[in-house]
Amino acid sequence: MKNTRLTIILLILALAAFAQEPRPVYQGSTSVAVDTTSRPIARQDKREFSFDSDQVTFSNVFDGARLTEISRTGENAFTITITPENAPINMSPWYAFQVRSKRKKEILVTLEYPEFARHRYAPQISKNGREWKPLEVARIEEIGRDPNDKSFEARPKSIRMRLKVGRTPLWIAAQELENSSRVFAWMDGLAKKRKLKIEEIGKSTEGKPLRMMTVGNPAAKKFVMVISRQHPPEVTGYFAMRAFVERVAGKSRLAKQFRKDWAMFVVPLMNPDGVDNGHWRHNDGGIDLNRDWAAFNQPETRAVRDFLARKESEAGGKFFFGIDFHSTWDDIYYPMDKKFTETNAPGLMWNWLDAIKRAIPRYEPNIRPNDKPDPTIVSRNYFMRAHKMEAIVFEIGDNTPRDFIKKKGTAGADEMMKLLLDLVK
Ligand SMILES: [Zn+2]
């Protein structure tokens, strides 16, 4: 068993060496068709890893965990290997594990990634898996940052953390842990508070529900589509989506007016398998879902495709606006280029971006339009081509302050509602 798994890991490392995308690939430049037929993934061995001489135990037995291998390198010193689900893959090493010790002490934990990867996410820590805070910078040592690489995506090869541990398990994760049960709890809470409908529009590769929430009037004929978490670790984009949706579902006069004859459909968790299995980017079919919006080989993308078609024909209505929330190195908006005017509301997206700029003082949005919608490949292009939506990829930086994310989500919702209400005056 162990040998098989090591062989798989070595195979992944070998494949990773040939990875085509050593640097982040921006959604804005995506236009080349890729094969999205399912490919094998390597699963983690879910278990506890105990080191008797130090009386320290690590665990990856929870949803959202990623800890591939661990070895003891000295007294109270450990190296954790984090490998992706398969390769090639972009370099977003996602790690999450628990550690506890019989005695209070400090331990050293070094993260080790495949050769092609770089460190991306600053560690967050938690005592209960719900409230998180960043690990103090003084406790993190960067390893192998190339001093000659001045590009903004330059990252260290790895990090070493000095952790205070004790009997209460300490959670360490790349970004706050927002696994499927946390996301579904948020949905259920909001649905209860605001009397929203939740339905299942399909099942993931592993059979998890793909849940969709309706905000607004279910009998409306004017629609907005919102999705997030196609890429598992992109938690900051998910936070922006949450603020956005809460605002539209909220108590403001604007929101109440908007909900009278608009309906917004929200799929907060497009990739529950990838999220719960700690994948760096792909679903359980081993595929980047946001490359599957032309071939539709994966059940997650098919579920949304079928819903959009069904809704449009059954209700006799139209989709006007679509947002796909993601995270990357920086806050970036990827709309379609202004030249694409064959939509249900030409120019709306650019008016929205202008309105956001006005609504958040001293904020200069980073906007990178896409001018190659075909083949559709990514959700935004499909939303525009198949349903004439004004559509955008809304990216939030990994390290964007969480209160500013909320502000952007809220402002984005208000400005969208105003523009959509104006549309029919
Ligand atoms: Zn993404």
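Values in this document were obtained by computation on a predicted structure and should not be read as measured data.

## As for the pairing of strand 10 (residues 158–165)
Phase 1: As paired elements, strand 6 (residues 105–112) and strand 10 share 6 bridges and run antiparallel to each other. Bridged to Lys105 within strand 10 is Val165.

## So, the confidence of the model for the protein
Phase 1: Scored by pLDDT, the protein comes out at a mean of 92, with 92% of its residues at no less than 70.
Phase 2: pLDDT under 50 marks residues 13–29. Its contacts with residues more than four places away, or in other chains, come to 39 contacts.

## Section: the side chain of Gln98
Phase 1: Along the chain, the position of Gln98 falls in strand 5 (residues 96–101).
Phase 2: Excluding residues within four positions of it along the chain, Gln98 makes contact with Thr57, Phe58, Ser59, Phe62, Pro169, Leu170 and Trp171.

## So, the coordination of the zinc ion
Phase 1: Around the zinc ion, the protein contributes the donor atoms His231 (ND1), Glu234 (OE), Glu234 (OE) and His326 (ND1), at 2.1 to 2.5 Å from the metal centre.
Phase 2: Every donor counted, the 4 donor atoms about the zinc ion form angles of 56 to 145° at the centre, which fits irregular coordination.
Phase 3: Summarised as a motif, the one-chain spacing of the donors to the zinc ion is H-x2-E-x91-H. In this pair, Glu234 is assigned in the loop between strand 14 (222–228) and helix 3 (235–248) and His326 in strand 16 (residues 318–328), connecting sequence segments 92 residues apart. An identical accessibility class is assigned to Glu234 and His326; each is buried.

## Considerations on the packing of aromatic side chains
Phase 1: For the structure shown, the criterion picks out 27 aromatic pairs.
Phase 2: Measuring from ring centre to ring centre gives 5.3 Å for Trp262 and Phe320, while their planes differ by 65°; the resulting arrangement is edge-to-face. Here Trp262, found in the loop between helix 4 (253–261) and strand 15 (263–267), pairs with Phe320, found in strand 16; they are 58 residues apart in sequence, far enough to count as distant.
Phase 3: With relative accessibility at 0%, the residue Trp262 sits in the buried group.
Phase 4: Seen in terms of ring centroids, Tyr333 and Trp352 are 6.4 Å apart; in terms of plane orientation they differ by 85°. Their pairing is edge-to-face. One end of the pair, Tyr333, is in strand 17 (residues 332–335); the other, Trp352, is in helix 7 (residues 348–359), and 19 residues separate them in sequence. Each member of the pair Tyr333 and Trp352 is classed as buried.
Phase 5: A network of ring pairs unites the aromatic residues Phe244, Phe321, Phe325, Tyr333, Trp352 and Phe394 as a single cluster.
Phase 6: A cation over an aromatic ring shows up here: Arg211 above the ring of Phe184, its NZ or CZ 5.0 Å from the ring centre.

## Overview of the sheet that holds strand 12 (residues 197–203)
Phase 1: With mixed pairing, 7 strands are arranged side by side in an open sheet as 12-13-15-14-16-18-17. Every other strand in the sheet has two partners, leaving strand 12 and strand 17 as the edge strands with one partner each. Each neighbouring strand pair of the sheet contributes to a mean axis angle of 20°, computed without reference to strand direction.
Phase 2: Examined bridge by bridge, strand 14 and strand 16 share 7 bridges and lie parallel to one another. Counterpart to Val224 in the pairing with strand 16 is Phe321.
Phase 3: Along the sheet, helix 3 contacts strand 13 (209–216), strand 14, strand 15, strand 16 and strand 18 (390–397); its crossing angle with strand 16, the most-contacted strand, is approximately 145°.
Phase 4: Docked against the sheet, helix 9 (residues 402–423) engages strand 14, strand 15, strand 16, strand 17 and strand 18, running at close to 165° with respect to strand 16.

## Thoughts on the pattern of salt bridges
Phase 1: Enumeration according to the criterion identifies 30 salt bridges in this entry.
Phase 2: Across the pair Glu141 and Arg160 runs a salt bridge, and its minimum N-O distance is 3.4 Å. Of this pair, Glu141 sits in strand 9 (residues 140–143) while Arg160 is found in strand 10, placing the two residues 19 residues apart along the sequence.
Phase 3: Judged by its relative accessible area of 42%, Glu141 is partly exposed.
Phase 4: On the basis of relative accessible area, Arg160 is assigned to the partly exposed category, the value being 28%.
Phase 5: Close ionic contact of Asp306 with Arg305 constitutes a salt bridge, the shortest N to O distance being 3.0 Å.
Phase 6: Note on Asp306: relative accessible area 35%, which makes it partly exposed.

## As for the pairing of strand 7 (residues 123–126)
Both faces of the sheet carry side chains from a regular strand, because those side chains alternate between them.
Phase 1: Residue alternation in strand 7 divides its side chains into two sets, Pro123 and Ile125 and Gln124 and Ser126, and both sets are buried.
Phase 2: Looking at chain direction, strand 7 and strand 11 (residues 170–174) are connected through 4 bridges and run antiparallel. Bridge pairing in strand 11 links Gln124 to Ala173.
Phase 3: Sheet analysis places strand 7 next to strand 8 (residues 133–134), joined by 2 bridges and oriented antiparallel. The residue bridging Gln124 from the neighbouring strand is Pro134, located in strand 8.
Phase 4: The turn joining strand 7 and strand 8, which pair antiparallel and follow one another in sequence, is formed by 6 residues; a positive phi near 80° is taken by Gly129.

## Quick word on the domain arrangement of the protein
Phase 1: Parsing the protein into structural domains produces domain 1 (41–174) and domain 2 (180–423).
Phase 2: Relative placement of domain 1 and domain 2: their C-alpha centres are 31 Å apart.
Phase 3: Each partner contributes to the interface: domain 1 provides 33 residues, whereas domain 2 provides 24 residues.
Phase 4: Carbon and sulfur atoms supply 54% of the area buried between domain 1 and domain 2, which totals about 2300 Å² over both sides.
Phase 5: Remark: the boundary between domain 1 and domain 2 carries 12 residue pairs in polar contact (both at pLDDT 80 or more).

## A look at the environment of Ser204
Phase 1: Considering the arrangement of structural elements, one finds Ser204 in the loop between strand 12 and strand 13.
Phase 2: Classification of Ser204 by relative accessible area gives buried; the value is 5%.
Phase 3: For the pair Ser204 and Asp374, spaced 170 residues apart in sequence, the C-alpha separation works out to 26 Å.
Phase 4: Contact partners of Ser204, with chain neighbours within four places excluded, come to Leu210, Pro272, Asp273, Pro299 and Glu300.

Here is what the cut-offs are and how they apply
Residues numbered from 1 in each chain as written. Predicted model: local features only at pLDDT ≥ 70, side-chain atom pairs only at ≥ 80, totals over all residues. Heavy atoms only, no water. Pairing = 2+ DSSP bridges. Helix = DSSP H or I, 4+ residues; strand = E, 2+ residues; numbered from the N terminus. pLDDT = per-residue confidence, 0-100. Contact = heavy atoms within 4.5 Å. Donors = N, O, S within 2.8 Å, 3.2 Å for Na, K, Ca; no water. Tetrahedral: all angles 85-135°; square planar, octahedral: opposite > 155°, others 65-115°. Buried < 20%, exposed > 50% of the residue type's maximum accessible area, 1.4 Å probe, protein only. Phe/Tyr/Trp six-rings, centres within 6.5 Å; stacked < 30°, edge-to-face > 60°. Lys NZ or Arg CZ within 6 Å of the ring centre and 35° of its normal. Axes fitted to C-alpha atoms, helices over the stretch in contact; angles between N-to-C directions. Salt bridge = Lys/Arg side-chain N within 4 Å of Asp/Glu carboxyl O. Domains from an automatic or database assignment. Buried area = accessible area lost by both parts, 1.4 Å probe. Polar contact = N/O pair within 3.5 Å; in protein donor to acceptor, adjacent residues only side chain to side chain.

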